[in-house]
Amino acid sequence: MHYFKQVISSGDHVIRKPSSLLFKLYLKKFAMIGIDSHEICYIGNDAYFDINTPIQLGMQAVLISDKNHLHEHYLEVDGHNTLLKELKENE
């Protein structure tokens, strides 16, 4: 989709979440192609494993759950369709 320049999966790496090493690897990879941490959005379905560490490192985060709620530091949506709607509304 045109919303993302690149998509990577945490399952493609030996380092496991919520290790900050995994997210620092992402930051380094994206910095090499000129993308700053605040331009990176990590999308996951577990608040502990997918949200806290990216936010601490200056990334954006989206939690896929059964709710639709804008938290102070991240967006929580009830599914991919809601996420797409949010992305379209914020273009």
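Residues numbered from 1 in each chain as written. Predicted model: local features only at pLDDT ≥ 70, side-chain atom pairs only at ≥ 80, totals over all residues. Heavy atoms only, no water.

Undergrad: Which residues make up the pairing of strand β1 (residues 41–44), and what are the values?
TA: Only one face of β1 is buried, namely the one carrying Tyr42 and Gly44, since none of Cys41 and Ile43 on the opposite face is buried. Of the strand pairs in this sheet, β1 and strand β2 (residues 60–64) are connected by 4 bridges, and their pairing is parallel. By the bridge assignment for β2, Gly44 is matched with Leu63. (Buried < 20%, exposed > 50% of the residue type's maximum accessible area, 1.4 Å probe, protein only. Helix = DSSP H or I, 4+ residues; strand = E, 2+ residues; numbered from the N terminus. Pairing = 2+ DSSP bridges.)

Undergrad: Residues and numbers for the pattern of salt bridges, please.
TA: Two side chains of opposite charge can pair, provided their charged atoms sit close to one another. Across all of its chains, the model carries 1 salt bridge by this definition. A salt bridge links Asp50 to Lys17; the shortest N-O distance between them is 2.5 Å. Remark: Lys17 occurs in the segment before α1 (20–31) and Asp50 occurs in helix α2 (residues 47–50); sequence separation between them is 33 residues. Owing to a relative accessible area of 22%, Lys17 belongs among the partly exposed residues under this scheme. (Salt bridge = Lys/Arg side-chain N within 4 Å of Asp/Glu carboxyl O.)

Undergrad: Break down the packing of aromatic side chains for me, with residues and values.
TA: Per the counting criterion, the structure on display carries 4 aromatic pairs. Geometrically, the ring pair formed by Tyr48 and Phe49 is edge-to-face, given 5.0 Å between the ring centres and 80° between the ring planes. Judged by its relative accessible area of 34%, Phe49 falls in the partly exposed class. Connected via pairs of aromatic rings, a cluster forms that spans Phe23, Tyr26 and Tyr42. (Phe/Tyr/Trp six-rings, centres within 6.5 Å; stacked < 30°, edge-to-face > 60°.)

Undergrad: Residue-level account of the side chain of Thr53, with values.
TA: Relative to the elements of secondary structure, Thr53 occurs in helix α3 (residues 52–56). Using a relative accessible area of 9% as the deciding quantity, one classes Thr53 as buried. Apart from the residues within four sequence positions on either side, Thr53 is in contact with Pro18, Ser20 and Phe23. (Contact = heavy atoms within 4.5 Å.)

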